[in-house]
Amino acid sequence: MFCQELALTLDRDVKPKLDEEGIKLICVGIGTGARAVEFCEHVPFPKENLFADPDNAAYEKLGLAKNARQTFFSPRTPYAILDRVRKDGAKDLLDALGRWKPWLPPKSDQGFQQGGAFVFKGSKCVFGHRDPATGAHVDLNRVLDVAFNTKRLVRSGSVA
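Rules and cut-offs
Residues numbered from 1 in each chain as written. Predicted model: local features only at pLDDT ≥ 70, side-chain atom pairs only at ≥ 80, totals over all residues. Heavy atoms only, no water. Helix = DSSP H or I, 4+ residues; strand = E, 2+ residues; numbered from the N terminus. Rg over C-alpha atoms; globule rule 2.2 N^0.38 Å. Core = buried A, V, L, I, M, F, W, Y, C linked by side-chain atoms within 4.5 Å. Buried < 20%, exposed > 50% of the residue type's maximum accessible area, 1.4 Å probe, protein only. 1 Å grid on protein atoms, 1.4 Å probe; cavity = no way out; pocket = protein on both sides within 12 Å on 5 of 7 lines; lining within 4 Å. Points joined across faces, edges and corners; volume = space filled by probe spheres on them. Nonpolar A, V, L, I, M, F, W, Y, C, P; charged D, E, K, R; others polar. Polar contact = N/O pair within 3.5 Å; in protein donor to acceptor, adjacent residues only side chain to side chain. Contact = heavy atoms within 4.5 Å. Expected span 1.5 Å × (residues − 1). Arc of directions from axis to C-beta. Salt bridge = Lys/Arg side-chain N within 4 Å of Asp/Glu carboxyl O. Axes fitted to C-alpha atoms, helices over the stretch in contact; angles between N-to-C directions. Parallel < 35°, antiparallel > 145°, perpendicular 65-115°, else oblique. Left-handed = near helix turned anticlockwise from the far one by under 90°.

**Some points on the overall build of the protein chain**
Counting its secondary structure elements, the protein chain contains seven helices and four strands. The linear arrangement of helices and strands in the protein chain, starting from the amino end, is α-β-α-β-α-α-α-α-β-β-α. Relative to the 2.2 N^0.38 estimate, which gives 15 Å for 160 residues, the radius of gyration of the protein chain is 16 Å and therefore close to what a compact globule would have. Seen through its C-alpha atoms, the protein chain measures out along the principal axes to roughly 45 × 35 × 30 Å.

**What about the nonpolar core?**
The biggest cluster of nonpolar side chains holds 25 residues, and the ones touching the most others in it are Leu10, Leu18, Phe45 and Leu50. Among the secondary structure elements, those contributing two or more residues to this core are helix H1 (2-20), helix H2 (33-42), strand E3 (116-121) and helix H7 (140-156). Top contributing element to this core by residue count: H7, with six residues.

**Overview of the layout of surface pockets**
In this structure, the second largest pocket spans a volume of roughly 550 Å³. Residue lining of the second largest pocket: 24 residues in total, with Thr9, Arg84, Lys87, Val138 and Leu140 positioned closest to the centre. Considering each element in turn, the lining of the second largest pocket owes the most residues, seven residues, to H1. Of the residues contributing to the lining of the second largest pocket, the split by class is nine nonpolar, four polar and eleven charged.

**As for the side chain of Gln113**
Tracing the backbone shows Gln113 in the loop between helix H6 (91-99) and E3. Side-chain polar atoms of Gln113 contact the backbone oxygen of Ala65, separated by 3.0 Å. Excluding its chain neighbours within four sequence positions, the residues that come into contact with Gln113 are Ile30, Asn56, Tyr59, Leu64, Ala65 and Lys66.

**Brief notes about helix H5 (residues 76-88)**
With 13 residues, H5 should cover 18 Å at 1.5 Å per step; its first-to-last C-alpha distance of 19 Å lies within 8% of that length. Those residues of H5 not exposed but buried are Thr77, Ala80 and Arg84. What you see down the axis of H5 is that its buried residues fit within an arc of 60 degrees, all on one side. Those residues of H5 that are exposed and angled more than 90 degrees off the buried face are Tyr79 and Arg86. Just past H5, the residue Gly89 takes up positive phi, approximately 75 degrees.

**Structural notes on the pattern of salt bridges**
Overall, the coordinates contain six salt bridges when judged by the stated rule. A salt bridge links Glu38 to Arg35, with the nearest nitrogen and oxygen atoms 3.8 Å apart. Taken together, the residues Glu38 and Arg35, both in helix H2 and three residues apart, mark about one turn of the helix. Under the relative-accessibility criterion, Arg35 is labelled partly exposed at 29%. A salt bridge links Asp109 to Lys66, with the nearest nitrogen and oxygen atoms 2.9 Å apart. Separated by 43 residues along the polypeptide, Asp109 in the loop between H6 and E3 and Lys66 in the loop between helix H3 (57-61) and helix H4 (68-72) bring together distant segments of the chain.

**With respect to the packing of H1 against H6**
Two numbers describe how H1 lies on H6: the axes approach to 8 Å, and their chain directions differ by 125 degrees. It follows that H1 is oblique to H6 by the angle criterion. At the point where H1 passes H6, the crossing takes the right-handed sense. Listed contacts from H6 to Phe2, Gln4, Glu5, Leu8, Thr9 and Arg12 of H1 are Lys91, Asp92, Leu93, Asp95, Ala96 and Arg99. Looking at the contact of H1 with H6, its residues break down into four nonpolar, two polar and six charged.

Structure representation (structure tokens):
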């Protein structure tokens, strides 16, 4: 449900700003390519921006957490929900919950996989956030700031 909420928010609030600056949004999700297409049609989310990782290769390489304690039992999860309620009544979360569809991943332990947000300049990671618990996502304005500043530095020749 939280990934569906995040996809909705990314498509509405983040992708248009990145597109305007010529910065590519790439999302990686657990599961197969067929499941990624189904997810994009369900949320909705642009298919060209979602790549499937059925073996968790990207998640493992980026050092993202995967365990039940962080997924279901972290106190950060209810606090993340409370933050949403305070911000806007949890509008996007309620929207995602209203259309929520459970997805069974290819591997049972993938259901415990946490996500993150990263900004790359080529193959170099210039910003990384690893979600500490389910629903405890990065501040997307921070990601946008880093992406825009990185592009400006590259344009001016200040970043190698």
